[in-house]
Amino acid sequence: MLTPLSELNRRLQRFRARMDAEQPDWQLAAILGRINQYYFTGTMQDAVLLVPRDAQPTLWVRRSFERARAETPFPDIRPMRSFRDAAQAGAPARDTIHVEAEAVPYALLQRFTKHFPCKALAALDVQIAKTRAIKSPHELAFLERAGAIHRRALEEHVPALLREGISEAELGCELLGFMVREGHQGLVRFSMFGAECLLGQFTFGESALCPVSMDTPSGWVGLEPAAPVLGSRERTLRKGDLVCLDVGCGVAGYHTDKTMTYAFGAKPSANVLAAQRRCEAIQQQAAAMLKPGNTPSEIYTTILRDLDKDFLTHFMGYNGRRANFLGHGIGLQVDEPPAIAEGFDEPLAEGMVIALEPKLGIPGVGMVGIENTFVVTPSGGRSLTGTSPGLIPVG
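Here the structure is a predicted model, which means the values were calculated and not measured. (Residues numbered from 1 in each chain as written. Predicted model: local features only at pLDDT ≥ 70, side-chain atom pairs only at ≥ 80, totals over all residues. Heavy atoms only, no water.)

1. What to know about the overall build of the protein chain
A count of helical and extended segments in the protein chain gives 11 helices and 17 strands. The C-alpha radius of gyration computed for the protein chain amounts to 22 Å, which stays within 12% of the reference 21 Å derived for 395 residues, consistent with globular compactness. Expressed along its principal axes, the backbone C-alpha trace of the protein chain runs to roughly 70 × 40 × 35 Å. Burial analysis of the protein chain (395 residues in total) assigns 55% to the buried set. A separation threshold of at least 6 residues defines the contact pool for the protein chain, and within that pool the share at least 24 residues apart is 67%. Approximately 16,900 Å² of the protein chain is accessible, and the part contributed by carbon and sulfur atoms is 52%. (Helix = DSSP H or I, 4+ residues; strand = E, 2+ residues; numbered from the N terminus. Rg over C-alpha atoms; globule rule 2.2 N^0.38 Å. Buried < 20%, exposed > 50% of the residue type's maximum accessible area, 1.4 Å probe, protein only. Contact = heavy atoms within 4.5 Å. Areas by Shrake-Rupley, 256 points an atom, 1.4 Å probe, with all protein chains shown as cover.)

2. Considerations on unusual backbone geometry
Here the bond from Arg-63 into Ser-64 is cis, since omega is 10°, no more than 30 degrees from zero. Tracing the backbone shows Ser-64 in the loop between β3 (58-63) and α3 (65-71). Of note, the bond from Pro-337 into Pro-338 is cis; its omega dihedral lies within 30 degrees of zero at 0°. The residue Pro-338 is located in strand β11 (residues 336-340) in this model. Phi at Leu-230 takes a positive value of approximately 65°, unusual for a residue other than glycine. Backbone geometry at Asn-319 places phi at a positive 55°, although glycine is not the residue there. Structurally, Asn-319 can be placed in the loop between α11 (309-312) and β10 (327-329). Owing to a relative accessible area of 55%, Asn-319 belongs among the exposed residues under this scheme.

3. Some words on the side chain of His-328
Tracing the chain through its elements places His-328 in strand β10. In this structure the side chain of His-328 is engaged in a polar contact, spanning 2.9 Å, whose partner is the backbone oxygen of Val-334. Polar side-chain contacts of His-328 include one of 3.3 Å to the side chain of Glu-357. When neighbours within four sequence positions are excluded, His-328 is seen to be in contact with Asp-257, Val-334, Asp-335, Glu-336, Pro-338, Ala-339, Ile-340, Val-353, Ile-354, Ala-355, Glu-357 and Glu-371. (Polar contact = N/O pair within 3.5 Å; in protein donor to acceptor, adjacent residues only side chain to side chain.)

4. Quick word on the pairing of strand β13 (residues 359-362)
The alternating pattern of β13 places Lys-359 and Gly-361 and Leu-360 and Ile-362 on opposite faces, both of which are buried. The sheet contact formed by β13 and strand β14 (residues 366-369) spans four bridges and is antiparallel. Pairing of Leu-360 across the sheet is with Val-368, part of β14. The hairpin turn running from β13 into β14, its antiparallel successor, is three residues long, and Gly-364 in that turn takes a positive phi close to 80°. (Pairing = 2+ DSSP bridges.)

5. Things to note about the side chain of Thr-41
Relative to the helices and strands, Thr-41 resides in helix α2 (residues 34-41). In terms of polar contacts, Thr-41 uses its side chain to reach the backbone carbonyl oxygen of Thr-43, at 3.3 Å. Setting aside anything within four residues of it in sequence, one finds Thr-41 in contact with Leu-8, Leu-49, Leu-59, Thr-72 and Phe-74.

6. Section: the environment of Arg-34
Assignment of secondary structure puts Arg-34 in helix α2. Taking the relative accessible area as the measure of exposure, Arg-34 reaches 43% and is therefore partly exposed. Placed 14 residues apart in sequence, Arg-34 and Val-48 show a C-alpha to C-alpha distance of 8.7 Å. Setting aside residues up to four positions removed in sequence, Arg-34 forms contacts with Met-44, Gln-45 and Asp-46.

7. Observations regarding the pairing of strand β5 (residues 96-99)
Sheet topology note: the strand β1 (residues 28-31)/β5 ladder contains two bridges and is parallel. The residue bridging Leu-28 from the neighbouring strand is Ile-97, located in β5. Here β5 pairs with strand β6 (residues 120-123) via four bridges, running parallel. Following the sheet pairing, Thr-96 is matched in β6 by Ala-120. Each parallel crossover has a hand, and for β5 linked through helix α5 (residues 106-115) to β6 it is right-handed. (Right-handed = clockwise from strand over helix to strand, strands pointing away.)

8. Details of the sheet that holds β11
Here we have five strands laid out as an open sheet, ordered β11-β10-β12-β15-β16, and antiparallel in their pairing. Of all the strands in the sheet, the pair left with one neighbour each is β11 and β16 (382-383). In this structure, strand β12 (residues 353-356) lies alongside strand β15 (residues 372-375), joined through four bridges in antiparallel fashion. Opposite Val-353, over in β15, you have Val-375 as the bridge partner.

9. Observations regarding the nonpolar core
Side chains of nonpolar character tend, in soluble globular proteins, to be buried together. Residues Leu-162, Leu-175 and Tyr-262 are the most contacted members of the largest nonpolar core, which totals 63 residues. In terms of residue count, helix α7 (residues 137-161) provides more of this core than any other element does, nine residues in total. Here Leu-162 is in contact with Leu-171, Leu-237, Val-243, Tyr-262, Phe-264 and Val-394, once residues within four sequence places are set aside. Judged by nonpolar contacts, the second largest core, of 36 residues, contains Leu-304, Ala-323, Ile-362 and Phe-374. (Core = buried A, V, L, I, M, F, W, Y, C linked by side-chain atoms within 4.5 Å.)

10. Quick notes on the packing of helix α1 (residues 5-22) against α2
For any two helices packed against each other, the geometry is given by the interaxial angle and the distance between the axes. At a minimum axis separation of 7 Å, α1 and α2 run at an interaxial angle of 115°. For the pair α1 and α2, contact is made by Leu-8, Arg-11, Leu-12, Arg-14 and Phe-15 and by Tyr-38, Tyr-39, Phe-40 and Thr-41, respectively. In the contact of α1 with α2, the residues fall into six nonpolar, one polar and two charged. (Axes fitted to C-alpha atoms, helices over the stretch in contact; angles between N-to-C directions. Nonpolar A, V, L, I, M, F, W, Y, C, P; charged D, E, K, R; others polar.)

11. Re the state of the cysteines
Evaluation of the coordinates by the stated rule reveals zero disulfides. Just so you know, Cys-173 is unpaired, no disulfide at all, and the nearest cysteine sulfur is the one on Cys-197, 13 Å from it. Take Cys-173: its relative accessible area is 49%, and that puts it in the partly exposed class. (Disulfide = S-S within 2.5 Å.)

Following this line, the structure appears as structure tokens:
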């Protein structure tokens, strides 16, 4: 589905307004990252999007120009063999060029500035992130579809996949196949540098307490040190295991995030059930506060203030490896601003999308908790990914 030109124009207008307000002396934005190019142009190529303050934007495409023309109604798309072609088109010299400092490799910036010399480079990551944070009806339609796939997959389909002897990796493969057939795009994207994920976390029992490099409450073993993704080939499902699945789902680039837990072959103990119910209550409390005008930092502080010291010991992590957030923005990437965390003091706005994921590690058991993706509305967060409380009994 092509992104309508009216939608692309609104995004660029909002970005320009952000830059005018927060970087009033900006002259030229050079967008080299493919995710942001997709957001502003509707296509994802080897290209550079030049957005001058005093002229209309141009998408210069090295490869594939033909595909770009077929995929987007963006009005000014031009072919280039290198950045030299774009520079020779007559773009005036600029004192400062704003670029994506978080996403663009240094070597690529060197090649770019060889032909677009300037006195200084400056970052525009914050302005793009704020622009992308508020989703339009066009974007929310894709998020709704992703959330519906998510609900069917984790609330309805996974219990039928759980069987004694299946490995974490096998479960991941079977679930990925189902979700792709349902409409999932087949990959999950993150903005965190070096973060890689095929679908998400597939853990049985204490696998969920394994330390990992990603900023997340739960952990996983993965396939091997070179590919700590999906799940272990060796860890198989046994009766009495607590199963924790934290997976993403994407449609047309837009993601939802969801975690569900399952009790396989035995009823969980009273303390496990109590911990799970506490996490559910925290999610409900936080979701009720996802209203325009409330600030993420206040939501985070309010929730943590009500939690006792013993509960906090393994809350949002295990054995001191705490993720210092309660939730995160989500959209074209899973880990977008704003986070429900300290330091995020700009008020929420209607149309923002937040994944809330209160979780608790339990020694000798694994990870309990819940995660769903919510749209910020005047009446509080509206879940896109279902309403099941989790800890579904299986077998």
